[in-house]
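Below, each chain spelled out in residue letters.
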Amino acid sequence: MKRGKVIFVGAGPGADDLITVRGARAIAQADIVIWASSLVHPGIVAGARPDALVVDSASEALEDTAVHYRRAAEEGLTVARVHTGDPSIYGATGEQYEMCRQLGLDYETIPGVSAYSATAARMNAEITIPEVSQSFILTRLEGGRTPMPPRETVRSFAAHGATMALYLSAARNKVLQEELLAGGYDPATPCIIGYRVSWPDEMMIRCRLDELSERMREHKLWKHTIVMVGPALAEGHSGTRSHLYHPGFRHEYRAAEPAAQQELREHGAGAVDLTQEQR
């Protein structure tokens, strides 16, 4: 008999065309499709086989899901377990992997577009700008229902001044703002607030850090909201550019232009004015 398998599929942030081709194919071929209607767009699972068992897990605990995993193990079936965003980020997949091991099920994970990358893309923001921020922190506010490791605090992360994305923190937006400021971000630091990014009722907001809580309260953003903060998120060009595409940067596919290489060594990459160069 064929060995049963669970495929953990990243559904992306919402829109049903922001799932990978591989993920959509896994859903279309599965015997059992498990998804949460509270988090995943129904269009994501619309391509399931007509004879597949489609289970809405919005009201289920892990023990309820185990029933379908056992059946897959006993009958050699394939399960598509659909997770919002990317399964590796706040996906509660660790305990499910362990369940698969205990039941003798094969398993694999198909990545998905996360809310932070969808938020940055929606606002045409680059989160790692040369000489502004080359690091990215993904975290959540401590003190909620899920315990955080003691050394992982928003305040300590904020001290780096890097680009940060905060999940699962919207309901305590005043505390979030206070901790980001206490950690060292300037009050004028640009923020992006993304509510149900890529869904039909999406809301995208730009503001300063010292306006963050007020704006979130104004729009009653308590859940399904991601907050991004950091100097790299400012609108307009930062005045710096990547060395990689500078004519003075040499790599295995391109020789450096001598004059540009000297300029790069002396002054750095700097901004580029294409209109000026074309004259």
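Just so it is clear, the structure is predicted and the values come from calculations on it, not from any experiment.

Enquirer: I'd like a description of the packing of aromatic side chains, backed by residues and values.
Expert: One pair of aromatic rings is described through two measures. These are the centre distance and the angle between the planes. Summed over the entire model, instances satisfying the criterion amount to four aromatic pairs. Here the aromatic rings of Y90 and Y167 are separated by 5.5 Å at their centres, their planes lie at 50°, and the arrangement is tilted. With Y90 in the loop between strand 4 (78-83) and helix 3 (94-103) and Y167 in strand 7 (residues 163-167), this residue pair connects regions lying 77 residues apart in the sequence. On the accessibility criterion, Y167 (13% relative accessible area) is buried. Looking at R140, its charged tip hangs above the ring of Y90, at a distance of 5.8 Å from the centre. If you follow R196 out to its NZ or CZ, it ends over the ring of W199, 4.1 Å from the centre.

Enquirer: Quick rundown of the sheet that holds strand 3 (residues 53-56)? Include the residues and the values.
Expert: Pairing within the open sheet is parallel, and its five strands lie in the order 3-2-4-1-5. Two strands close off the open sheet at either side, each with one partner strand: strand 3 and strand 5 (106-110). If you compare each strand with its neighbour and ignore which way they point, the axes differ by 15° on average.

Enquirer: Tell me about helix 6 (residues 173-183), and please be specific about residues and values.
Expert: Burial in helix 6 covers these residues: N173, L176, Q177, E179, L180 and G183. With its buried residues spanning 165° around the axis, helix 6 presents them on a single face. In this fold, the buried residues of helix 6 make contact with helix 5 (154-158), strand 7, helix 7 (212-218) and strand 10 (225-229). Trailing helix 6 by a residue or two, G184 shows a phi angle of about 130°, which is positive.

Scoring rules and cut-offs
Residues numbered from 1 in each chain as written. Predicted model: local features only at pLDDT ≥ 70, side-chain atom pairs only at ≥ 80, totals over all residues. Heavy atoms only, no water. Phe/Tyr/Trp six-rings, centres within 6.5 Å; stacked < 30°, edge-to-face > 60°. Helix = DSSP H or I, 4+ residues; strand = E, 2+ residues; numbered from the N terminus. Buried < 20%, exposed > 50% of the residue type's maximum accessible area, 1.4 Å probe, protein only. Lys NZ or Arg CZ within 6 Å of the ring centre and 35° of its normal. Pairing = 2+ DSSP bridges. Axes fitted to C-alpha atoms, helices over the stretch in contact; angles between N-to-C directions. Arc of directions from axis to C-beta. Contact = heavy atoms within 4.5 Å.

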